[in-house]
Amino acid sequence: MSKQDTPRAPDDEFVKSKSQLKREMHALQDLGKRMMDLSDDQLAGLPMSETLKAAIVESRRIRQHEARRRHLQYVGKVIRNEEDPDALRRAVEAFDAGSEEHTRRHHLAERWRDRLIEEGNPAVAGFVEQCPATDVQHLRNLLRNAQKDVKAGRNTGQAKKLFRYLRECIDESEQSA
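Residues numbered from 1 in each chain as written. Predicted model: local features only at pLDDT ≥ 70, side-chain atom pairs only at ≥ 80, totals over all residues. Heavy atoms only, no water.

Engineer: Explanation requested: the overall build of the protein chain in the structure shown.
Structural biologist: Looking only at helices and strands, one finds nine helices and zero strands in the protein chain. Along its sequence from the N terminus, the protein chain presents helices and strands in the succession α-α-α-α-α-α-α-α-α. Residue burial in the protein chain is summarised as follows: out of 177 residues, 33% are buried. Considering only contacts in the protein chain between residues 6 or more positions apart, those separated by 24 or more positions represent 57%. (Helix = DSSP H or I, 4+ residues; strand = E, 2+ residues; numbered from the N terminus. Buried < 20%, exposed > 50% of the residue type's maximum accessible area, 1.4 Å probe, protein only. Contact = heavy atoms within 4.5 Å.)

Engineer: Which parts of the structure should I look at to understand helix H3 (residues 50-59)?
Structural biologist: Residue pairs three or four apart in sequence face the same way in an α-helix, which turns once every 3.6 residues. Among the residues of H3, Leu52, Ala55, Ile56 and Ser59 are the ones counted as buried. With its buried residues spanning 100° around the axis, H3 presents them on a single face. Where H3 is buried, its residues meet helix H1 (18-36), helix H2 (40-44), helix H4 (65-82) and helix H5 (85-93). (Arc of directions from axis to C-beta.)

Engineer: Mind showing me how you'd approach the pattern of salt bridges here?
Structural biologist: For side chains bearing opposite charge, pairing can occur when the charged atoms are close. For the structure on display, the rule yields 11 salt bridges. For Glu24, the salt bridge goes to Lys16, with nearest N and O atoms at 3.1 Å. Taking the relative accessible area as the measure of exposure, Lys16 reaches 47% and is therefore partly exposed. Of the charged contacts, one joins Asp114 and Arg113 as a salt bridge, the two residues approaching to 3.2 Å between their closest N and O atoms. (Salt bridge = Lys/Arg side-chain N within 4 Å of Asp/Glu carboxyl O.)

Engineer: Looking at this structure, how should I read the packing of aromatic side chains?
Structural biologist: Remark: the centre distance and the inter-plane angle together describe each pair of aromatic rings, the angle taken between the planes. Applying the stated criterion across every chain, the model contains one aromatic pair. Ring centres 5.2 Å apart and planes at 75° place the aromatic pair Trp112 and Phe127 in the edge-to-face group. Taken together, the residues Trp112 in helix H6 (residues 100-119) and Phe127 in helix H7 (residues 121-130) connect sequence positions 15 residues apart. A single burial state applies to Trp112 and to Phe127, both of which are buried. (Phe/Tyr/Trp six-rings, centres within 6.5 Å; stacked < 30°, edge-to-face > 60°.)

Engineer: Could you clarify how one ought to interpret H6 in this entry?
Structural biologist: Given a rise of 1.5 Å per residue, 20 residues ought to cover 28 Å, and the 28 Å separating the end C-alpha atoms of H6 matches this to within 8%. Of the residues making up H6, those classed as buried are Glu101, His102, Arg105, Leu108, Ala109, Trp112, Leu116 and Ile117. For H6, the buried positions fall inside an angular range of 160° around the axis, keeping them on one side. Among the exposed residues of H6, those oriented more than 90 degrees off its buried face are Glu100, Arg111 and Glu118. In the stretch just after H6, Gly120 is the one whose phi turns positive, near 80°. (Expected span 1.5 Å × (residues − 1).)

Structural data, given as structure tokens:
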């Protein structure tokens, strides 16, 4: 077997090299590090087990460098064994202002805000279909206030309030999906 040949398992699947496994583990540790930097409210919104949540909270109180490094390895192990790393990564990226996911959700909320202000109640039904956990009464109230501002040609911040609520609903529905 030459060096270019990739070892194969008996069932003909590719076997990951030790270096590849290390790279993946470091990526999970980096994800854990990013999770440690989130606020308590953001952390509460992530789809994770109580074990991982406890490990993240515990890591915040560790000050010693080597102890923190070892604990980060533990966090990576918990993510690998008990969590869905892709779902966690998407949820954490939604909090990063420069990430594609954050930008996508931001533009989606902008489009919904503009559509709701323009179309009114028919668009509300479409939004509620996409985000079923929406408080329809609150949404209609925000929409009514934003439409009044647009008709009067003034800006009292009602469209911004509507946008924030839409973004909150979109984030909530996509995290639970």
